[in-house]
Amino acid sequence: MPAGGFSVAAPAGTQFEAKITPIVIISCILAATGGLMFGYDVGISGGVTSMDDFLKKFFPEVYRRKHEEIDSNYCKYDNQGLQLFTSSLYLAGLTATFFASYTTRNLGRRLTMLIAGIFFIVGVIFNGAAQNLEMLIVGRILLGCGVGFANQAVPLFLSEIAPTRIRGGLNILFQLNVTIGILFANLVNYGTSKIHPWGWRLSLSLAMIPAVLLTVGALIVVDTPNSLIERGRLEEGKAVLRKIRGVDNIEPEFNEILEASHAAQQVKHPFRNLLLRRNRPQLVIAILLQIFQQFTGINAIMFYAPVLFNTLGFKSDASLYSAVITGAVNVLSTLVSIYSVDRLGRRILLLEAGVQMFLAQVVIAIVLGIKVTDHSDNLSHGYAILVVVMICTFVSSFAWSWGPLGWLIPSETFPLETRSAGQSVTVCTNLLFTFVIAQAFLSMLCHLKYAIFAFFASWVVVMSLFVLFLLPETKNVPIEEMTERVWKQHWFWKRFMDGDHADEKQGYKRANGSNGVQP
Ligand code: BGC
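Residues numbered from 1 in each chain as written. Predicted model: local features only at pLDDT ≥ 70, side-chain atom pairs only at ≥ 80, totals over all residues. Heavy atoms only, no water.

Q: Looking at this model, I keep getting lost on the site of the ligand. Mind explaining?
A: Taken together, V42, Q175, T179, I182, Q293, Q294, N299, N330, F398, G403, W407 and N430 are the residues near the ligand. The separation between an oxygen atom of the ligand and a polar side-chain atom of Q294 is 3.1 Å. Per element, the largest residue contribution to the shell around the ligand is three residues, and it comes from helix α7 (residues 167-192). Partitioning the shell around the ligand into residue classes produces four nonpolar, eight polar and no charged. (Near = heavy atom within 4 Å. Polar contact = N/O pair within 3.5 Å; in protein donor to acceptor, adjacent residues only side chain to side chain. Helix = DSSP H or I, 4+ residues; strand = E, 2+ residues; numbered from the N terminus. Nonpolar A, V, L, I, M, F, W, Y, C, P; charged D, E, K, R; others polar.)

Q: Help me understand the pattern of salt bridges in this model?
A: Once the charged atoms of two side chains with opposite charge are near each other, the side chains can pair. Inspection of the entire model under this criterion finds seven salt bridges. Of the charged contacts, one joins R64 and E61 as a salt bridge, the two residues approaching to 3.0 Å between their closest N and O atoms. With a gap of three residues between them, R64 and E61 both fall in helix α3 (residues 60-68), about one helical turn apart. Given the relative accessible area of 34%, R64 is considered partly exposed. Judged by its relative accessible area of 38%, E61 falls in the partly exposed class. For E236, the salt bridge is made with R233, and the minimal N-O distance between the two is 3.0 Å. (Salt bridge = Lys/Arg side-chain N within 4 Å of Asp/Glu carboxyl O. Buried < 20%, exposed > 50% of the residue type's maximum accessible area, 1.4 Å probe, protein only.)

Q: Explain the nonpolar core here, please?
A: General note: in soluble globular proteins, nonpolar side chains tend to be found buried as a group. Core analysis: the biggest nonpolar cluster contains 129 residues, and F38, F54, F59, F120, I285, V395 and W402 have the highest contact counts within it. Per-element accounting of this core gives the leading share, twelve residues, to helix α6 (residues 133-161). Ignoring any residue separated from it by four or fewer positions in sequence, one finds F54 in contact with V48, T49, F59, F85, L136 and W200. L274, L283, A286 and V425 belong to the second-largest nonpolar core, a separate cluster that totals six residues. (Core = buried A, V, L, I, M, F, W, Y, C linked by side-chain atoms within 4.5 Å. Contact = heavy atoms within 4.5 Å.)

Q: Help me understand the packing of helix α4 (residues 80-106) against helix α5 (residues 109-128) in this model?
A: Any two packed helices are characterised by the angle at which their axes cross and by the distance between the axes. Axis separation between α4 and α5 bottoms out at 7 Å; the angle between their running directions is 140 degrees. The pairing of α4 with α5 is recorded here as oblique in orientation. Residue-level inspection shows A100, T103, T104 and R105 of α4 in contact with α5, the latter providing R109, T112 and I115. (Axes fitted to C-alpha atoms, helices over the stretch in contact; angles between N-to-C directions. Parallel < 35°, antiparallel > 145°, perpendicular 65-115°, else oblique.)

Q: Can you walk me through the environment of F492 in this structure?
A: Structurally, F492 can be placed in the loop between α22 (482-485) and α23 (494-512). Residue classification places F492 among the partly exposed residues on the basis of a relative accessible area of 22%. Residues F492 and F469 lie 23 residues apart in sequence; the distance between their C-alpha atoms is 8.7 Å.

Q: What should I look at first to understand a nonpolar patch on the surface in this one?
A: A cluster of nonpolar side chains, namely V355, F358, L359, V461, L465, L468, F469 and W491, defines an oily patch on the protein surface of about 750 Å² accessible area. Of all the elements in the fold, those that place two or more residues in the nonpolar patch are α17 (346-371) and α21 (451-470). With four residues, the top contributor of residues to the nonpolar patch is α21. Looking at where L468 falls in the secondary structure, it is placed in helix α21. (Patch = residues over 30% accessible without salt bridge, like charges linked within 9 Å, V, L, I, M, F, W, Y side chains within 5 Å. Areas by Shrake-Rupley, 256 points an atom, 1.4 Å probe, with all protein chains shown as cover.)

Q: What exactly am I supposed to notice about the packing of aromatic side chains here?
A: Where two aromatic rings form a pair, the distance of their centres and the angle of their planes describe that pair. One pass over the structure, following the stated rule, counts 18 aromatic pairs. Ring geometry for F54 versus W200: centroids 5.7 Å apart, planes at 65 degrees, classification edge-to-face. With F54 in helix α2 (residues 52-58) and W200 in helix α8 (residues 199-205), this residue pair connects regions lying 146 residues apart in the sequence. For the pair F54 and W200, one class covers both residues: buried. Geometrically, the ring pair formed by F492 and W493 is edge-to-face, given 4.9 Å between the ring centres and 75 degrees between the ring planes. Take W493: its relative accessible area is 4%, and that puts it in the buried class. Through pairs of rings, three or more aromatic residues link up here, namely F292, F295, W402, F433, F455, F456, W459 and F466. Above the face of the F58 ring, K57 is positioned so that its terminal group lies 5.8 Å from the ring centre. The ring of F85 is capped by R140, whose NZ or CZ atom sits 5.0 Å from the centre of that ring. (Phe/Tyr/Trp six-rings, centres within 6.5 Å; stacked < 30°, edge-to-face > 60°. Lys NZ or Arg CZ within 6 Å of the ring centre and 35° of its normal.)

Q: Quick question: what am I supposed to make of the environment of L335 here?
A: By the secondary structure assignment, L335 is in helix α16 (residues 316-340). For L335, a relative accessible area of 40% corresponds to the partly exposed category. Sequence separation of L335 and Q175 is 160 residues, and the distance between their C-alpha atoms is 9.9 Å.

See below:
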């Protein structure tokens, strides 16, 4: 331990004393419910939109086309209203993120989670009780606001409350719970599809479970010391820190948070600060990782797996069953990532997954191209199984690479002063591109047909080249040492680190009216 005096912060990279206390465990459960809610919302819409009772009530046109067999196999579900049902959630979420970045800073993480929980509860009521399309969409928008607030606050809450040595593991735990939420939704849909005519209502209403869990959790826990200290509640912050760390010697960590909060308070315009040249590498990487994560095509599979399997000629029941299999593969493969991310490193996982995802998508494109034409699907049992196996191959590699790392890497590469604004941009980019894929996928399937998988495969090539040349390894590098050990050493990004001094000199020059040469 550092010799930390009352006003002396610990040297960068120091591990502070901490036990894994019950309150930290409660925080994990909280993260689980925030992640569960996001995953449940992602997973539930695909199954619901392939239920006849639901289509008959809200989308009679789609229902008619589905059963009259007048359309191409690839176009049965191409309907803007249907896509709006799925994607309105993401549009609302990305708008809400901007408000959430304000509330996390000024009202705290805990209250922001509470706001998210309340949005979720009201949204679920609208959806479960929906009498018309309007109520349905309003419900999805409210859920989207919940996602925007929760995805901003929960990861921040977790990283701040977690002891440094298990912060990375906890980060992926959030993604693990996203995948559990998706699986839970698939299982629910599998069961409710047999309940007529209100099975879909049950699917949408059961989101109440994670919603209430998050709300109650937010009421029970205390806010993070960082947030309390940042808002000037120093004594309370110190007491919370002592409680969550379970040790008496919390001065060094307290002082470091205090110092960090002073530094953060110097930054008057967090988003403008994010645009400084020295922050360019992290910003570009965070944005690109999220765009690439969505252009793997994962959500085309996650939202529309049941629809997709139906299109491929599986009967309704078998298609939900297949979606449950992909959901389970998603959960289990995320565990692989928790185990290996700090052993093998981020780059290896991303590069290996790139090869696996590319091959799986090419095989799917070839099988569908040969076997599923516009008006006949002669996908034999054997080929159908091959497609399901390839989809599982694809999902598993995503789940140990782009899924968790799309969230982990941005969260560990931003310096403290830009970390929360960076998180906002990360969430916003994620939801924007999730929206784009959700809105476009069914039309793309209709027009590109089997080639849609070749489309995603080519993106996989682009993102793998990006990883190969431009993504530095961040395994085992303390957050505080990223600039020195990662960015300043990287063949490409180091040129932006010269901007570091240029930025500082500019600031110095403005502050002193001098020529910028520091003493
Ligand atoms: C992505 C989601 C996706 C999920 C699948 C997450 O990391 O952000 O868009 O649905 O993984 O497991």
